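# Descriptive structure summary
Here is how the chains run, residue by residue.
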Amino acid sequence: MPDTTKHLLLVEDEAPLRQAIADQLGDRGYHVEQAESGEAAIARLADFAFDIIITDLRLPGVDGSAVIEAAVARYPDIIAIVVTGYGTVKDAVEAIKRGASDFVSKPFQIDELLHVLGSSVEQRRLKSENAYLRSQLEERYRFEGVIGKSRPMARLFQLLETVAPTNSTILITGETGTGKEVVARAIHLNGPRRMHRFVALNCSAIPETLLEAELFGHVRGAFTGAVGNRQGRLEQAHRGTVFLDEVGTMSAALQMKLLRVLQEREFERVGDSHTTKVDVRVIAATNSDLARMVAEGQFREDLFYRLNVIPVHLPPLRERKEDIPLLVQHFLAIFRNGATTSLTVSQEAMRRLMSFSWPGNVRQLENAVERAVALSAGRTQIDVGDLPTEVQKAQETALTTAVTLPEDGLDLDAFIADIERDLIQRSLERTGGNKGKAARLLNLKRTTLVEKLKRLSSPE
Ligand SMILES: Nc1ncnc2c1ncn2[C@@H]1O[C@H](COP(=O)(O)OP(=O)(O)OP(=O)(O)O)[C@@H](O)[C@H]1O
Ligand SMILES: [Mg+2]
């Protein structure tokens, strides 16, 4: 049970009136503390975060307006209500300027105060909900743009559009750094649960013994150190989405409990005998081959099928090289963080970026761009030298790794001739047309290079 009792500080110098109001508010479920002066109120505010403060405006010493100001300065989200003495709206307006939410005029009926209080609480709730929505929308803008226009990505977007509006469980697979989490968020933000939370849990980052409590929560005394009741990630994600990353690393015992969540949407907090129900959408991700783990008896088959309702596979970056320039631009914009001078990437650097095999996928590319931006400080162009060494070297192996055998085959001789021509061309560019140096770059005799040049430019 979350603690929903509101803590309220009541500041009023007339003791009998103060006690009467406190009693009535107490009866309505508020947890009320009293202060008889502005000074006492400010002292109390220093060490306790009240939800609500109600203060008389006219107080001996520090007046109510100053109390409000102090309260709001310390707790911007506090609900502050002033009680004005003589129906002088002017003073009330002044207090509102200083941060009060509303006011009541003396003498008032308790119902009047309760009404003002209720609507201020509601307003505050809406305000924080809006702030939350706004932050989610900003995130949405960022995450909706999962970047990519290659064929596999276009197909992925189509699939996402279809599945996001549903509540079905999704299993995202893909190598490390391919964007599994980005895609999971995009699904959440495009679905019916976007107003609620997206809660991520990386199952491999948490020791097995703690994972269960992290996922399901625990009750006080469930284990050493469990000092209070705590919600798990599943409960935090109630009505929203829970993202279970690296789900393949879960122990057999936890796999069984997760299966129950997927089947019944219920579980028990660690140490609890009561069953908790949740309404969550589950998106799981893994970079291991779950089907194989099932075959090898390391992952429950029934759980696999429950998770894999809609499989979403993210192809490795080396299989969608045409996305690289786009991603580079995207990350350039991010890491330049609004800088107005222009920064481009030289064609040669871009070629290396596109030739590299990116075992760490988009994340590795992102890091490479960040590094290059830093190294290029003061220049207008990122060059090969700004790239990580392994990427600089990419060219030598590029052609062999970049080649995929098309479905309908290819003309080997013509293909090899293309590659030769391209490499000779580039070596000549690099050496400023010096054939001797170009030949050395390609580990050829000068005469062989000249011969090849002739043959390649005038095929028989
Ligand atoms: N298509 C994309 N468009 C824009 N940014 C992307 C894209 N794919 C990945 N990224 C960025 O690359 C980084 C890695 O992405 P993410 O964390 O989603 O990968 P992952 O597949 O979950 O990796 P891991 O398996 O290592 O957890 C993030 O900074 C993310 O913003
Ligand atoms: Mg991840």
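As shown above, the structure is provided for reference.
Read on for a plain summary of the structure. (Residues numbered from 1 in each chain as written. Chains lettered and ligands numbered in written order. Predicted model: local features only at pLDDT ≥ 70, side-chain atom pairs only at ≥ 80, totals over all residues. Heavy atoms only, no water.)

### Some words on the pattern of salt bridges
All chains considered together, the criterion is met by 23 salt bridges. A salt bridge links D279 to R193; its shortest N-O distance comes to 2.6 Å. Of this pair, D279 sits in the loop between β12 (275-277) and β13 (281-286) while R193 is found in the loop between α7 (180-189) and β7 (198-202), placing the two residues 86 residues apart along the sequence. Of the residues examined, D279 reaches a relative accessible area of 33% and is grouped as partly exposed. Using a relative accessible area of 9% as the deciding quantity, one classes R193 as buried. Between R233 and E214 there is a salt bridge, with its nearest N and O atoms 2.8 Å apart. In this pair, R233 sits in helix α9 (residues 233-236) while E214 sits in helix α8 (residues 208-216), placing the two residues 19 residues apart along the sequence. The same class applies to R233 and to E214, which are both buried. (Salt bridge = Lys/Arg side-chain N within 4 Å of Asp/Glu carboxyl O. Helix = DSSP H or I, 4+ residues; strand = E, 2+ residues; numbered from the N terminus. Buried < 20%, exposed > 50% of the residue type's maximum accessible area, 1.4 Å probe, protein only.)

### Some thoughts on unusual backbone geometry
The peptide bond linking K106 to P107 adopts the cis configuration, its omega dihedral lying at -10°. With respect to the helices and strands, the residue P107 is situated in the loop between β5 (102-105) and α5 (110-144). One non-glycine residue, N361, lies in the positive phi region at around 55°. Considering the arrangement of structural elements, one finds N361 in helix α15 (residues 361-375). On the accessibility criterion, N361 (0% relative accessible area) is buried.

### A short note on the site of ligand 1
Near ligand 1, the surroundings consist of 20 residues, among which I147, T176, G177, K180 and E366 are the closest. The separation between a nitrogen atom of ligand 1 and a polar main-chain atom of I147 is 2.9 Å. Contact between ligand 1 and E366: an oxygen atom at 2.5 Å from a side-chain N or O atom of the residue. Counted by class, the shell around ligand 1 contains 7 nonpolar, 6 polar and 7 charged residues. (Near = heavy atom within 4 Å. Polar contact = N/O pair within 3.5 Å; in protein donor to acceptor, adjacent residues only side chain to side chain. Nonpolar A, V, L, I, M, F, W, Y, C, P; charged D, E, K, R; others polar.)

### Comments concerning the side chain of S346
Tracing the backbone shows S346 in the loop between β15 (344-345) and α14 (347-355). Among all residues touching S346, those that are not within four sequence positions of it are Q381, I382, D383 and V384. (Contact = heavy atoms within 4.5 Å.)

### Let's talk about the sheet that holds strand β10 (residues 241-245)
In spatial order, the strands read β7-β10-β13-β6-β14; together these 5 strands make up an open sheet with parallel pairing. Strands at the two margins of the open sheet, each flanked by one partner only, are β7 and β14 (310-314). When the angles between neighbouring strand axes are averaged without regard to direction, this sheet yields 20°. Relative to β10, β7 runs parallel, the two being bridged by 5 bridges. (Pairing = 2+ DSSP bridges. Axes fitted to C-alpha atoms, helices over the stretch in contact; angles between N-to-C directions.)

### Structural notes on the nonpolar core
Formed by 31 residues in total, the largest nonpolar core has its most connected members in L234, L244, V247, M250, L258, F299 and L307. Only β7, α8, β10, α10 (252-264), β13, α11 (290-295) and α12 (301-307) provide two or more residues apiece to this core. Sorting elements by how many residues they give to this core places α10 first, with 5 residues. Other than its neighbours up to four places away in sequence, L244 contacts L201, C203, L215, L258, V282, I283, A284 and A285. Grouped together as the second largest cluster of nonpolar side chains are 24 residues, L317, M350, F356 and V384 included. (Core = buried A, V, L, I, M, F, W, Y, C linked by side-chain atoms within 4.5 Å.)

### Considering α15
The terminal C-alpha atoms of α15 lie 21 Å apart, and with 15 residues this matches the ideal 21 Å at 1.5 Å per residue to within 8%. Among all positions of α15, only N361, V362, L365, A368, V369, A372 and V373 are buried. In a view along the axis of α15, the buried residues occupy a sector of 135°, so they form one face of it. Next to the buried residues of α15 lie α13 (324-336), α14 and β16 (381-382). (Expected span 1.5 Å × (residues − 1). Arc of directions from axis to C-beta.)

### Let's talk about the pairing of strand β4 (residues 79-84)
Every other side chain in a regular strand lies on the same face of the sheet, so the side chains alternate between the two faces. For β4, a buried count of 6 out of 6 residues is recorded, marking the element as mostly surrounded by other parts of the structure. The two faces of β4 match: I79, I81 and V83 on one face and A80, V82 and T84 on the other face are all buried. Read from strand β3 (residues 52-56) through helix α3 (residues 64-74) to β4, the crossover connection turns out right-handed. (Right-handed = clockwise from strand over helix to strand, strands pointing away.)

### Quick notes on the environment of A92
With respect to the helices, strands and loops of the structure, A92 is situated in helix α4 (residues 89-97). C-alpha of A92 to C-alpha of S346: the two residues are 254 residues apart in sequence and 64 Å apart in space. Non-local contacts of A92, meaning those with residues more than four positions away in its chain, are made with L57, T84 and F103.

### Structural notes on helix α18 (residues 412-430)
Look at α18: 27 Å from first C-alpha to last across 19 residues, which is about the 27 Å you get at 1.5 Å a residue. Among the residues making up α18, those that are buried are A417, I424, R426, S427 and L428. Phi turns positive one or two residues past the end of α18, at G432, with a value near 65°.

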